[in-house]
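# Residue-level structural notes
Here are the chains, one letter per residue:
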Amino acid sequence: MRPQATVPATLGGGLHYSLMPGYWLLARMGKRVLRPGGIELTRQMLDALDIGASDDVVEFAPGFGVTARATLDRGPRSYVGIERDEDAAKHVRGYLSGKNQQCLVGRAEETGLPDRSASVVYGEALLTMQTAEQRASIVAEAARVLRAGGRYGIHELALDPDGLAEATKSEIQHALSDAILSGAIHLGARTLTASEWRELLAAQGFDVKTQIGAPMHLLEPKRLIRDEGLLRALRFVWNVAKTPAARKRIRAMRAIFRRYAKHLVATAIVAVRS
């Protein structure tokens, strides 16, 4: 069994609960699974990536390391995580063992890894809040790092349906920015529909093979229990209840998710580099 690591107290850049990004706030409160489609959609993505003993895997933004652990359990030849946050990278390293497993501090859009050095690249909850230029750069970096025939997986928030009006898209994006980024709206960032995610990958030379959807129930009780287990879910609820600043932010996040529930879904895509 791999060692358990505690969430570092500095996770979230040392910011106050009212200012730190929502995903690190949730982690500080004890939530491990920070993906929009939950652990089940992550597992489905990994199944579609079909990671095995001959694979060299790169994970963009491993965050809390839950998916890293699931990947390592599949026994790839090598694993490299690329994480922007030094504290998160240290946390992931607590799960690693062996000379072919490492987590580097760096950016997904410029990893510094050699060309064609990976057979599998994936990233989750990474692209959604980026600008169009940043998303394109990250997907292009995945294409550069992958060998021909390599697999690329993403797990992101999506808007539904495909023909959703632009005004509604903009309204939802601003609400998400306020809730998740604490008002730090990324100018030019826009959550995509399922078909727009496919188009993004195709524009960088990927052939989409699999797309799977799931409800976006990140903070709903049933999903909390499925993702975290009953004891961890109860601990998360207790931590939120006794931390007023965190409680206010998380309630606001859940209110946004519920307000736009009919238009918010999760999507996982696996594509192949030509």
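A brief structural summary. (Residues numbered from 1 in each chain as written. Predicted model: local features only at pLDDT ≥ 70, side-chain atom pairs only at ≥ 80, totals over all residues. Heavy atoms only, no water.)

### Describing the overall build of the chain
When you go through the chain residue by residue, the secondary structure sums to 10 helices and seven strands. Computed over its C-alpha atoms, the radius of gyration of the chain comes to 18 Å, within 12% of the 19 Å expected for a compact globule of 274 residues. Counting only C-alpha atoms, the chain reaches 50 × 45 × 30 Å along its principal axes. Expressed as a percentage of its 274 residues, the buried residues of the chain come to 51%. By sequence separation, contacts in the chain at least 24 residues apart represent 75% of the contacts at least 6 residues apart. Across the chain, the centroid of the 38 positively charged side chains sits 7 Å from that of the 29 negatively charged ones. (Helix = DSSP H or I, 4+ residues; strand = E, 2+ residues; numbered from the N terminus. Rg over C-alpha atoms; globule rule 2.2 N^0.38 Å. Buried < 20%, exposed > 50% of the residue type's maximum accessible area, 1.4 Å probe, protein only. Contact = heavy atoms within 4.5 Å. Lys, Arg positive; Asp, Glu negative; His and termini not counted. Charge placed at Lys NZ, Arg CZ, Asp CG, Glu CD.)

### Observations concerning the pairing of strand β5 (residues 146-159)
Counting buried residues along β5, 11 of its 14 residues qualify, which places the element largely inside the surrounding structure. Bridge count for strand β4 (residues 118-124) against β5 is six bridges, and the pairing is parallel. Its bridge partner lying in β5, E124 is registered against H155. Traced from β4 through helix α5 (residues 132-145) to β5, the parallel crossover comes out right-handed. Taken together, the nine bridges between β5 and strand β7 (residues 264-273) define a ladder with antiparallel strand orientation. Residue I154 lies in a different strand from β7, and its bridge partner there is I269. (Pairing = 2+ DSSP bridges. Right-handed = clockwise from strand over helix to strand, strands pointing away.)

### Section: the packing of aromatic side chains
Under the definition given, this model contains two aromatic pairs. Taking 5.7 Å as the distance between ring centres and 65° as the angle between the ring planes, the aromatic pair formed by Y23 and W24 counts as edge-to-face. Looking at Y23, the relative accessible area reads 38%, which means it is partly exposed. Judged by relative accessible area, which is 10%, W24 ranks as buried. With centroids separated by 5.1 Å and ring planes inclined at 35°, the aromatic side chains of Y152 and F206 adopt a geometry described as tilted. (Phe/Tyr/Trp six-rings, centres within 6.5 Å; stacked < 30°, edge-to-face > 60°.)

### Remarks on the nonpolar core
As a rule of thumb, nonpolar side chains are buried together in soluble globular proteins. Residues I250, F257 and L264 are the most contacted members of the largest nonpolar core, which totals 30 residues. Elements supplying a minimum of two residues to this core: α1 (22-28), β5, α6 (166-181), α9 (230-241) and α10 (244-259). Every residue in contact with F257, bar those within four places of it in the chain, is listed here: L176, I180, M216, L218, L219 and L264. (Core = buried A, V, L, I, M, F, W, Y, C linked by side-chain atoms within 4.5 Å.)

### Let's talk about helix α8 (residues 221-228)
Among the residues of α8, those classed as buried are R223, L224, D227 and E228. Each buried residue of α8 lies within a common arc of 105° when the element is viewed along its axis, so the set occupies one face. Across α8 from its buried face, at more than 90 degrees, point the exposed residues K222 and R226. Buried positions along α8 lie against α2 (38-49), β6 (206-215) and α9. (Arc of directions from axis to C-beta.)

### Some remarks on the sheet that holds β5
Strand order across the open sheet formed by seven strands is β3-β2-β1-β4-β5-β7-β6, with mixed pairing between neighbours. The open sheet terminates on both sides in strands that have one partner only, identified here as β3 (101-105) and β6. Recorded for the sheet is a direction-independent mean angle of 15° between the axes of neighbouring strands. (Axes fitted to C-alpha atoms, helices over the stretch in contact; angles between N-to-C directions.)

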